[in-house]
Amino acid sequence: MYGLSPRSLMTMLCLFLLSGCLEQTPPRAFDQQVYIWQRQWQPAHANALAQSRETFSALRVLALQAHPQAGWGRAYPDLDLLREDGRPVIAVVRLDGQLPQLDTEAILQRTLELARYWRAKGLPLQGVEIDHDCATARLPAYVELLRDLRRQLPEELQLSITALPAWLDSPVLDEVLAQVDSSVLQVHAVDDPTQGLFDPQRAEPWARAYAARSQTPFYLALPAYGVALVDNVYGLPQVESEAPLRLRGERRELRADPRQVAGLLENLRSRTPDNLRGILWFRLPLPSDQRAWPLQTLLAVVHGERLHTAPSVRLRAANGVNEILVLNHGNLPLNLPLQVNLPAANCEAVDAVGGYRWQRTPDGFRFTPKQPGILPPGEERAVGWVRCQTLHQGRLNAVF
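Predicted model only: the values in this text are computed from it and were never measured.

**Topic: the pairing of strand β14 (residues 321-328)**
Burial of β14 is extensive: 7 of the 8 residues sit out of reach of the surface. The pairing of strand β13 (residues 311-318) with β14 spans 8 bridges and is classified as antiparallel. Within β14, the residue paired with Pro-311 across the bridge is Asn-328. Counted along the chain from β13 to the antiparallel partner β14, the turn is 2 residues long, and its residue Asn-319 has a positive phi close to 55°. Relative to strand β20 (residues 380-391), β14 runs antiparallel, the two sharing 6 bridges. Paired with Glu-323 across the strands is Trp-385, a residue of β20.

Structure, rendered in structure tokens:
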């Protein structure tokens, strides 16, 4: 420091303090919203809404659908429950991308009637979202629909749309986005399903390229679910979600990996694209969902918690027998063990439960699954029970 002028010392001190402030700048906190996509609501929705209330600021609720073969269909959300929840609601109108043409008059009539009805029921309706995954060549017709809808929609209601990465190559995208208040870039299930459900290596460049085009706020739609592919009679893959397809054949499961999605979130928080307002999660899970992430996993990813599995196996005495339990103490779904080994002797009875079978071993019993399965976070499953005089609990073990 010797030989430096007071002015130089002051400059160095300011730079030091500035660098310290920059290093301590917290990561960007995104607004978090969630889709509710079940057409028929269940009593379990009440608990799912209550558990997620502190995490998701708004609810985007499937309301109407138009398909080429089935025509128009409506969802049946619990409007009383949504009103009591109190969070802003966005009604989602799904227009299948394979529709031969857009019936503007019917779309406007049904959408406006829906908005009036939901508002009359006292819902805190914030806006309407149009979900239309059309081909790029059909974007000019989409512009006209959105322009007409914006003109007729009450000014206090916002208009948003979902957008596809494929539209980034079209100059018409700018005109599409000029018609809406905000948009949602979907980066999952946008390719041939045989190519996978979600690729974080492509999702991030898409988000940054979209930010360069969008002059209005946008959200990024991220997956919290899985699907299965099953071939039809022609050998073509069909997508199976929660509703089972009436097709025989092997199911090829595709799941969005929570760790990969969390990694993308971390990158976006550290270097946030312009106008990226937040994240939209597809979808709010119910306990009965077979392919959605458990709610505990979804909340852990949203809050940036360390993701982990923590399996254990133990015995529980009940009604004169000992149950063999597998437990998941982590926040990620756990693959059920390939085998559970219980050393035992002087046994009177044994049986397997929960999709397992049992067999004798030289020192006791082995329990193996009939087919692979998943144990959600915080849950336990009995794989069998025994009635034995001698149990070596310290040698009870599971192989995952």
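**Overview of the pattern of salt bridges**
If you walk through the whole model with that rule in mind, you get 22 salt bridges. A salt bridge links Asp-131 to Arg-94; its shortest N-O distance comes to 3.4 Å. Of this pair, Asp-131 sits in strand β5 (residues 125-132) while Arg-94 sits in strand β4 (residues 89-95); the two residues are 37 residues apart in sequence, bridging distant segments of the chain. The same class applies to Asp-131 and to Arg-94, which are both buried. Close ionic contact of Glu-144 with Arg-147 constitutes a salt bridge, the shortest N to O distance being 2.8 Å.

**Some words on unusual backbone geometry**
A negative phi holds for most residues other than glycine; trans holds for most peptide bonds. For the peptide bond that leads from Phe-282 to Arg-283, omega is 15°, which places it in the cis range. For Arg-283, the location among the structural elements is in the loop between β12 (276-282) and α9 (295-302). Located in the positive-phi region is Ala-189, a residue other than glycine, with phi close to 55°. Assignment of secondary structure puts Ala-189 in the loop between β7 (182-186) and α7 (200-213).

**Some remarks on the pairing of strand β16 (residues 339-352)**
Relative to strand β21 (residues 397-399), β16 is paired through 3 bridges, and the arrangement is antiparallel. Paired with Gln-339 across the two strands is Val-399, which belongs to β21. Where β16 meets strand β18 (residues 364-369), 4 bridges bridge the pair, whose relative direction is antiparallel. Considered in β18, the bridge of Asn-341 is made with Arg-366.

**Here's the deal with helix α5 (residues 139-152)**
The first and last C-alpha atoms of α5 sit 20 Å apart over 14 residues, in line with the 20 Å expected at 1.5 Å per residue. By the burial criterion, the buried members of α5 are Leu-139, Tyr-142, Val-143, Leu-145, Leu-146 and Leu-149. Down the axis of α5, the buried side of the element spans an arc of 165°, and every buried residue falls inside it.

**Considering the packing of aromatic side chains**
For the structure on display, the rule yields 8 aromatic pairs. A ring pair is formed by Tyr-225 and Phe-282, whose centres lie 5.3 Å apart and whose planes are at 75°; its orientation type is edge-to-face. Here Tyr-225 is found in the loop between β8 (218-223) and β9 (226-231), whereas its partner Phe-282 is found in strand β12, with 57 residues between them in sequence. Both residues of the pair, Tyr-225 and Phe-282, count as buried. Between Trp-281 and Trp-293, the aromatic rings sit 6.3 Å apart at their centres with planes inclined by 50°, giving tilted as the arrangement. Taken together, the positions of Trp-281 in strand β12 and Trp-293 in the loop between β12 and α9 put the pair 12 residues apart, joining distant regions of the chain. Take Trp-281 and Trp-293: they sit in the same class, and that class is buried. Each member of the aromatic cluster is reached from another via a ring pair, and the members are Tyr-35, Trp-37, Tyr-225 and Phe-282. Against the face of Tyr-219 rests Arg-60, its NZ or CZ located 5.2 Å from the ring centre.

**Re the packing of helix α4 (residues 104-120) against α5**
Where α4 contacts α5, the axes come no closer than 10 Å and their chain directions differ by 35°. Considering the relative orientation of α4 and α5, their crossing is right-handed. Mapping the contact onto sequence places Thr-104, Ile-107, Leu-108, Thr-111 and Leu-112 in α4 and Leu-145, Asp-148, Leu-149 and Gln-152 in α5. Split by residue class, the contact of α4 with α5 holds 5 nonpolar, 3 polar and 1 charged.

**Concerning the environment of Ser-288**
Summarising the element assignment, Ser-288 is placed in the loop between β12 and α9. For the pair Ser-288 and Arg-366, spaced 78 residues apart in sequence, the C-alpha separation works out to 29 Å. Aside from chain neighbours lying at most four places away, what touches Ser-288 is Gln-42 and Glu-242.

**Re the sheet that holds strand β10 (residues 237-240)**
In space, the 3 strands of this open sheet follow the order β10-β9-β11, with antiparallel pairing throughout. If you trace the sheet from one side to the other, it starts and ends with β10 and β11 (252-255), each paired once. On average, each strand axis in the sheet is tilted by 30° relative to the strand beside it, whichever way the strands run. Sheet topology places β9 next to β10; 4 bridges connect them, and they run antiparallel. Pairing of Asp-231 across the sheet is with Pro-237, part of β10.

The rules we used
Residues numbered from 1 in each chain as written. Predicted model: local features only at pLDDT ≥ 70, side-chain atom pairs only at ≥ 80, totals over all residues. Heavy atoms only, no water. Buried < 20%, exposed > 50% of the residue type's maximum accessible area, 1.4 Å probe, protein only. Helix = DSSP H or I, 4+ residues; strand = E, 2+ residues; numbered from the N terminus. Pairing = 2+ DSSP bridges. Salt bridge = Lys/Arg side-chain N within 4 Å of Asp/Glu carboxyl O. Expected span 1.5 Å × (residues − 1). Arc of directions from axis to C-beta. Phe/Tyr/Trp six-rings, centres within 6.5 Å; stacked < 30°, edge-to-face > 60°. Lys NZ or Arg CZ within 6 Å of the ring centre and 35° of its normal. Axes fitted to C-alpha atoms, helices over the stretch in contact; angles between N-to-C directions. Left-handed = near helix turned anticlockwise from the far one by under 90°. Contact = heavy atoms within 4.5 Å. Nonpolar A, V, L, I, M, F, W, Y, C, P; charged D, E, K, R; others polar.

On their own, these measurements won't tell you what the molecule is for.
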